Amino acid sequence: MVLFSLVATHADIDLETVAQLSNGASGIATSALSGSPAVTGAVVLATCNRYEIYGEAPHADDVEAARAALVSEISGLSGLNEQLVSRSFSTRTGPEVSQHLFAVSAGLDSAVVGEREIAGQVRRALITAQHEGTASSGLVRLFQAASKTAKDVGAQTALGSRGLSIVSVALDLATDLSESPDWSTKKVVVFGTGAYAGATMALLRERGCTDISVFSSSGRAEAFVATRGGTALDSESLPVAVAASDVMIGCSGSDTRVEAGELAEIRAGSPQPLIAIDLALTHDFDPEVGQLDGVELLTLESVRLAAPQEQAESLTQASGIVSGAAQAFEQEREARSVDSAIVALRRHTMNVLDAEMERVRARHGCTAAAEEVEFALRRMVKQLLHVPTVRARELAANGQQDDYVSALETLYGITVEQPATATQAECPVDHRGLETA
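All figures in this text were calculated on a predicted structure; none of them were measured in a lab. Counting restarts for each chain, with residues numbered from 1 along the sequence as it is written. With the structure being a predicted model, the display of local features is reserved for residues of pLDDT at least 70 and the display and counting of side-chain atom pairs for 80 or more, all residues being used for whole-chain, interface and lining totals. Side-chain measures were taken over the full set of non-hydrogen atoms in the model, leaving aside hydrogen atoms and water.

Caption draft 1: Quick look at the side chain of Ser78. Mapped onto the elements of the fold, Ser78 is located in helix α3 (residues 63–78). We classify Ser78 as buried; its relative accessible area is 14%. N or O atoms within 3.5 Å of each other form a polar contact, as long as, within protein, one can give a hydrogen and the other can take it, and as long as residues adjacent in sequence are counted only when both atoms are side-chain atoms. A polar side-chain atom of Ser78 sits 2.7 Å from the main-chain carbonyl oxygen of Ile74. A distance of 3.3 Å separates the side chain of Ser78 from the backbone nitrogen of Leu80, its partner in a polar contact. With residues near it in sequence (within four places) discarded, Ser78 still touches Gln20, Leu21, Asn23 and Val85. Counting from the N terminus, the helices are DSSP H or I runs at least four residues long and the strands are E runs at least two residues long. The classification of residues rests on relative accessible area computed with a 1.4 Å probe and restricted to protein chains. Under 20% of the type maximum is buried, over 50% is exposed, and intermediate values are partly exposed. Residue contacts are counted whenever heavy atoms from the two residues lie within 4.5 Å of one another.

Now the structure itself:
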């Protein structure tokens, strides 16, 4: 089985294209698995500035077919032509997959280096894929290792120790633009009830803001504020709240957005200026909002440009942790890749031994002499298998596991079959013997 990834991020393409590509992201994994045998597992990581798909294919020769299937699905869901979609994604295979995901999870590839939200987004991406049954065993191990790496970076380095995040940098910018830095006097309207909205609410509370209203086009505002505080808005009360607000923050990325003309009408006669912070991947606010009198628009690009650089020493240390973790993951993965070959060789050898013992018992019966012969043969087989087993691990560590498999097929005619990928509904542990253990 081969891991690969399709990556579209703020570092390579504009955020508007990232947003367009991610339309329909929630259904891409399921549709790709059902539509192509080349895709045996998929996990989707879609955030405010990246859209990445991690997949597993049966063989290296299937990666291109898997990529083509995913590009076709993304094109259909986003409405973009396949050529544009294909150009927007870079493809990673082999060690590049783990190296990149581990760096992403640790916040090294973020607009705000060391941001803390991304690690949670990586965890939630895996949880979602497991719930939908699209996470293969190889992808589960990859994402679990990425989360562990993020924790190690957080515990062993000063990276992100100031609690910087996309939301915190955006609020810092809003503070600089405000006539008064006192958040306790500001009226804020938050659009959305997801993870970013929750992080925004928490940071607003930390800064002393108490007048917070929440709107959700899906009607989840009541449940959201029940546990976090604030006032829930509906479509009727929203215009009044926006007209009186000092700051509005978009975190939803829903299909419904605030248009410039609509906002101008709502804000007509409002004496105070408005700061609009759009943190949604698919804009909550019309970009033309920034052209209105008395309105300042902050976007993800604004945040990226304003994000402070972390200390070089912390970055170097964190990068070292990420590289070491990625190397360890690949070595473990390569070692696992020869397990099936080792099992196949042992099964082949033991079948030969069992067949020979059948002939011995047929000739001599179940005598003490037959038992001695069986004991001697099994000990000899164990010794004979020791060196091939050790060599399998050594070759796998050097990336030469395919040579080992080819040798078994050439010398013994053994066909090594990879185990079937466990689905979400299946448990890889055999529980039959646990009750008596």
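Having put the structure on the table, let's press on.
Caption draft 2: Representation of the packing of helix α5 (residues 95–105) against helix α7 (residues 137–156). Simply put, an axis is a line fit to the C-alpha atoms, just over the touching stretch for a helix, and the angle between two N-to-C directions goes from 0 to 180 degrees. The N-to-C vectors of α5 and α7 enclose an angle of 45 degrees; their axes lie 8 Å apart at closest approach. Here α5 lies oblique to α7, going by the angle between them. In the crossing of α5 with α7, the sense of the turn from one axis to the other is right-handed. Between α5 and α7, the residues in contact are Val97, Ser98, Leu101, Phe102 and Ser105 and Leu142, Phe143, Ala145, Ala146, Ser147, Thr149 and Ala150, respectively. Under the grouping applied here, Gly and all other residues not named as nonpolar or charged are polar, the nonpolar ones being Ala, Val, Leu, Ile, Met, Phe, Trp, Tyr, Cys and Pro and the charged ones Asp, Glu, Lys and Arg. Grouping the amino acids of the contact of α5 with α7 by side-chain chemistry returns eight nonpolar, four polar and no charged. Roughly parallel here means an angle under 35 degrees, roughly antiparallel means over 145, roughly perpendicular means 65 to 115, and every remaining angle is called oblique. Note: crossing handedness is left-handed where the near helix turns anticlockwise from the far helix by less than a right angle, and right-handed where it turns clockwise.

Caption draft 3: Spatial organisation of the pairing of strand β9 (residues 274–278). Extensive coverage of β9 is indicated by the burial of five of its five residues. Side chains Leu274, Ala276 and Asp278 of β9 all project onto a buried face; the interleaved residues Ile275 and Ile277 project onto the opposite face, where all are buried too. DSSP bridges decide pairing: two strands pair if at least two such bridges lie between them. Pairing analysis gives four bridges linking strand β8 (residues 247–250) to β9, with the strands arranged parallel. When the bridges of β9 are listed, Val247 appears paired with Ile275.

Caption draft 4: View of the pairing of β8. Along β8, one buried face is formed by Val247 and Ile249 and the opposite face, lined by Met248 and Gly250, is buried too. The pairing of strand β5 (residues 187–191) with β8 spans four bridges and is parallel. Bridge pairing in β8 places Val188 opposite Val247.

Caption draft 5: Layout of the pattern of salt bridges. By definition here, a salt bridge exists when the distance from a side-chain nitrogen of Lys or Arg to a carboxyl oxygen of Asp or Glu is within 4 Å. Using the criterion set out here, one finds eleven salt bridges in the structure. Asp109 is the salt-bridge partner of Arg50, the closest N and O atoms lying 3.0 Å from each other. One end of the pair, Arg50, is in strand β3 (residues 50–57); the other, Asp109, is in the loop between α5 and α6 (117–132), and 59 residues separate them in sequence. Taking the relative accessible area as the measure of exposure, Arg50 reaches 0% and is therefore buried. Put simply, Asp354, Glu358, Arg361, Glu374 and Arg378 are held in one network by salt bridges that share partners.

Caption draft 6: Fine view of helix α8 (residues 166–177). Along its twelve residues, α8 runs 17 Å from first to last C-alpha, staying within 8% of the 16 Å computed at 1.5 Å per residue. Most of α8 is tucked away: nine of the twelve residues are buried. Among all positions in α8, only Ile166, Val167, Ser168, Val169, Ala170, Leu171, Leu173, Ala174 and Thr175 are buried. Given a helix with a known number of residues, its expected span is that number minus one, times 1.5 Å.

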